[in-house]
Structures are given as structure tokens and as C-alpha cells.
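The primary structure of each chain is shown beneath.
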Amino acid sequence: MPIATVNPANGETLRTFDELGADGIERCLAAAVSAFRRYRTTDLPERARLMSRAADLLEEDQETIARTMTTEMGKPLAAARAEAAKCVKAMRWYAGHAEILLADEYPSDTEVKDSGAARARVHYRPLGAVLAVMPWNFPLWQVVRFAAPALMAGNVGLLKHASNVPQTALYLEDLFRRAGYPEGCFQTLLVGSRAVEGILRDPRVAAATLTGSEPAGRSVAAIAGDEIKKTVLELGGSDPYVVMPSADLDRAVRTAVTARVQNNGQSCIAAKRFIVHTDVYDDFAEGFATRMAALTVGDPMADTTDVGPLASEQGRADLEELVDDAVRRGATALCGGGRPKGLDAGWFYEPTVLAGITPDMRIHHEEAFGPVATLYRVDGLDEAVELANDTPFGLSSNVWTRDPGEQERFARDIEAGGVFFNGMTASHPALPFGGVKRSGYGRELSGHGIREFCNITTVWHGADPEA
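Described below are features of the structure shown in this document.

Here we look at the overall build of the chain
And step 1. Along its length, the chain carries 16 helices and 19 strands.
And step 2. Here the C-alpha radius of gyration of the chain, 23 Å, is about what a compact globule of 467 residues would show, namely 23 Å.
And step 3. Taken along the three principal axes of its C-alpha coordinates, the chain extends 80 × 55 × 40 Å.
And step 4. When the 467 residues of the chain are sorted by exposure, 55% land in the buried category.
And step 5. In the chain, 72% of the contacts between residues at least 6 apart in sequence involve partners at least 24 apart.
And step 6. Summed over all atoms, the accessible surface of the chain reaches about 19,200 Å², with 50% contributed by carbon and sulfur.
And step 7. On the chain, the mean spot of the 48 positive side-chain charges and the mean spot of the 64 negative ones are 4 Å from each other.

Printed below as a string of C-alpha cells:
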């Protein structure tokens, strides 16, 4: 895949970039090692100062970088502005909390004595250069949620971004440079996927994090495993959105629309499978399909647009295959189901609700990465839980119920990295984010995220026999 900015709203190639060669990669790796030697010894107040400065600059650049993101991958401009603001929030959160999150931990006096020590502590040290293989769907946020904790922990970053968002990738390197980070602390590598293995196997790379597809995750995990290097993976999702009879149905319907079409439906944590109790199914289905059909699809730069184009022509083709397979096998499109009329130049697809889904349909098992929802009817809580878990993925989940007993059951039994009651799944810097099963492993954000790429070190001092 060429490294290029291609506007998905009209298919026009705006800029192309040369791929970094072997000599360029070598220079970047050498710079990363040199930067780490210096940067690892900086104290946390200095790291916080640098991160806060980067946040200030990003806030100033919000409109410019939002337009770049929209141009490169098609999200509505309002959503791109919100993404930039979210990154500012996360950077400031880590700047303000890292010192507490990485503070030395001290066992009790009894435990110290029992270990035979005069004193002991647990100390968090950085690992080194962390390779981040990042996707295009949240081209700023996905990177910042790795970079902010990694840099605050004293690591340095190497970014291999998706090939269709090169200008966003280069902006990030420039942002951290302008903030005052030492040269080499954060570098963008404009390389294709074939270069990843060599970079990851290089002994100067300490660890890797990947957000992306399951095949990409398998590849990176296998290479890192062979090299015995730490990885964090955030892969696909097919999140359930369960609606029980006690739910506030109007809010559940309105939120369902946003939960499905956020980022043009191209979000791992977007709700995708809508599992609705039979007592409220008909009302939910009618309201959901009506609101989905009323969304405005069009120019992502327009403030009136709800849903922009998919990020690539291949992405739309993949979505069309899933929908066509489902309809051919008996599913009903309550709305949408094809390309919108009058938008022939870009990679647009109608907001779609499919009912009558059965296990023989591909969409029952595969992730639909676009504004397509699947609708299921269930008779009770046990069936809802079983269907929610009937997926190879386990990223997050949404449950609408005001019954405390039902909430306890869903929180206990849904196989996912998050369970969100009476609201929409969202990531926040203070809360851990990640999945189980084929959605990956490890956690981003919160204290768990900042400690993923740390050497958790036991520091033990023996008693002085002369004392």
C-alpha cells in the first residue's frame, strides 16, 4: 500500500510520500537509543512540563490537525475536533498523575522483615524504545493514548502509523519536537508493513504496542514472542448492546445510533450487535431504524454531516460483502443496505440496520467496520448473556437495564474488557482500556497503561550485621 493522503470523500490522491529506506530506519533506531540514554534520567516534573507543553501546542493546533484527519480518513470534522480535544485531555491527565502512578511502592514493615531485608521497595523504570503500530481510524487518539503514558514513564517512541494517514503521523513527531522533547524521543517512521518485522526484531527496540486487525496482531505478537519482547494488543471488537425491559427506551435508542455510527462506524468499541429483549424489541427496532435512516451522509467537512465516507474503497467493499451475504441468507434491511444516491465520487455507505441475523451469516461472527448494525431478539437475561458472548471478540459491551440484579449478572458474566451500563462505551485516561479473547491483551490508559511498559523492579536492601 503506498504511503499517501487519499481523500476518501472523492478518491483524490493529495500527497504521496517516499518510504523510509534501510539507512533511514537505522538512523531512527540509533537516535532512539541515544535519546533514551538521556531522557530516562529526567525527573517526572520535567517530563510533565514537556507533556503539558505538547498539550498546549495541540490545543492551539486543534482546527488544523482536525482538518488533516478529516481529509486523510473521512471522519466528520466535528468528530475530528473532539478527537484532538480528547488527546489534550489525556496528555494533561498523565502530566498531572504520572508521579503518583509511578511512585515507589513499599511493603509493610512486617513483610520487609519477613523477607530478610532492612528495607525494600518496588520501583518503576522505563524499558526503552517502544514501537507503536497504529491504525487510521483514530489517527491522533490511538497514538496519544500510547505516547502520553510511555513518554511520561521515561520511554521513547517509534511510530509506524497506517499508510493512509502520513500527514497526521508526521504532525505527531513535529508536535513532540516543538514541545521541547530531546531529538529522537518520538519519531515517525514512514514505512510499510513489510518493514515492521525487521524493526521489531532489532535489539534496540524493547517492546511493541499494536492497535489494529487480528491478523496484524497475530503477526506482531508472534515476532515479539520469538524475540521475547513485551507487547500490548488492542484488536477488533464486535461489541454487544443489550437492551432489557427496564431500560429508558428513548435514551437507549438515541444512544444506540451514536454508538453505532461514531467515526462513520469505524471504531473497535462501537456497538455493533444490538440484543433486545422481546418485550421492547418492536419499539426499539422501529425507533432505531427510523433514526438511523434520518442521518445525513455526505461531505465530512460540513457541519451538517452525521456520517462521512469509509476510509478506503476496500473497506467499503468488505462491508458490502458482509451485508450482501446476510441479505442473501435471509436478513432484512430495516434501513439502508447500499450506497447512498448522489455520492458516487467517495466511499460512502448508508447507515444500515439488519434484522433476522442467524449464525450461518458471516456478519454474525465477523466485525462490521462501518455504519451497519445487526439486530437480535432475545427472551430473557440468560439468552442475552449467551448471545453477547457468542463472538470471538471481547473488547467492550453496553447494557441498558435499571435492575440492580441484572446489572450484577451482566457485570459478572459478559466476556469483555468493559461493561458500560445505561450509556455508551468510551475511553477515558483514568480508566483501563483493552479486551479479552481475540480482542487482544494488556491495557492502555490509567495506571495500568503507564505501567505496561515499565520494568517493575524489586529493590531489596539486606540488614547490616554490624548495625
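That shown, we press on.
What to know about the sheet that holds strand E4 (residues 129-133)
And step 1. Taken in spatial order, the 6 strands line up as E6-E5-E4-E7-E8-E18 in an open sheet, and their pairing is mixed. Looking at the sheet topology across the chains shown, the edges are occupied by strand E6 (186-188) and strand E18 (440-441).
And step 2. Where E4 meets strand E7 (residues 205-211), 5 bridges bridge the pair, whose relative direction is parallel. The residue of E7 that forms the bridge with Leu131 is Ala208.
And step 3. With respect to the sheet, helix H7 (residues 166-178) is in contact with strand E5 (156-160) and E6, its orientation differing from that of E6 by roughly 155°.

A short note on helix H3 (residues 62-73)
And step 1. Over its 12 residues, H3 runs 16 Å from end to end, which matches the ideal 16 Å to within 8%, given 1.5 Å per residue.
And step 2. Taken residue by residue, H3 has Ile65, Ala66, Thr68, Met69, Thr70, Thr71, Glu72 and Met73 as its buried positions.
And step 3. Looking at the buried side of H3, the elements it contacts are strand E1 (4-7), strand E2 (12-16), helix H2 (44-60), helix H4 (77-101) and H7.
And step 4. Phi turns positive, to about 90°, at Gly74, one or two residues after H3.

Remarks on unusual backbone geometry
And step 1. Of note in this structure, Asn422 is not a glycine but carries a positive phi near 55°.
And step 2. By the element assignment, Asn422 lies in the loop between strand E16 (420-421) and strand E17 (436-437).
And step 3. The class for Asn422 is partly exposed, based on a relative accessible area of 22%.
And step 4. Positive phi, normally seen in glycine, also occurs at Leu445, with a value near 65°.

Cut-offs and rules
For every chain, the first residue of the written sequence is number 1, and numbering continues from 1 onward in sequence order. In keeping with the predicted nature of the model, local features appear solely for residues at pLDDT of at least 70, side-chain atom pairs appear and are counted solely at 80 or more, and the whole-chain, interface and lining totals rest on all residues. Values reported for side chains reflect all heavy atoms of the structure, with hydrogen atoms and water molecules removed beforehand. By the criteria applied, helices consist of DSSP H or I runs no shorter than four residues and strands consist of E runs no shorter than two, each listed in order from the N terminus. Radius of gyration means the value over C-alpha atoms here, while the globule rule gives 2.2 Å times the residue count to the 0.38 power. Buried means the residue's accessible area, taken with a 1.4 Å probe over protein chains only, is under 20% of the maximum for its type, while exposed means over 50%, and partly exposed covers the values in between. We call two residues contacting when some pair of their heavy atoms lies within 4.5 Å. Note on areas: Shrake-Rupley with a 1.4 Å probe; residue coverage comes only from the protein chains shown. By the counting scheme adopted, Arg and Lys are positive, Glu and Asp are negative, and His together with the chain ends is not counted. Working definition for charges: the position is that of NZ of Lys, CZ of Arg, CG of Asp or CD of Glu. In this scheme, strands are said to pair when DSSP sees at least two bridges between them. The angle between two axes is taken between their N-to-C directions and runs from 0 to 180 degrees, where each axis is a line fitted to C-alpha atoms and a helix contributes only its stretch in contact. One less than the number of residues in a helix, times 1.5 Å, gives the span that helix is expected to have.

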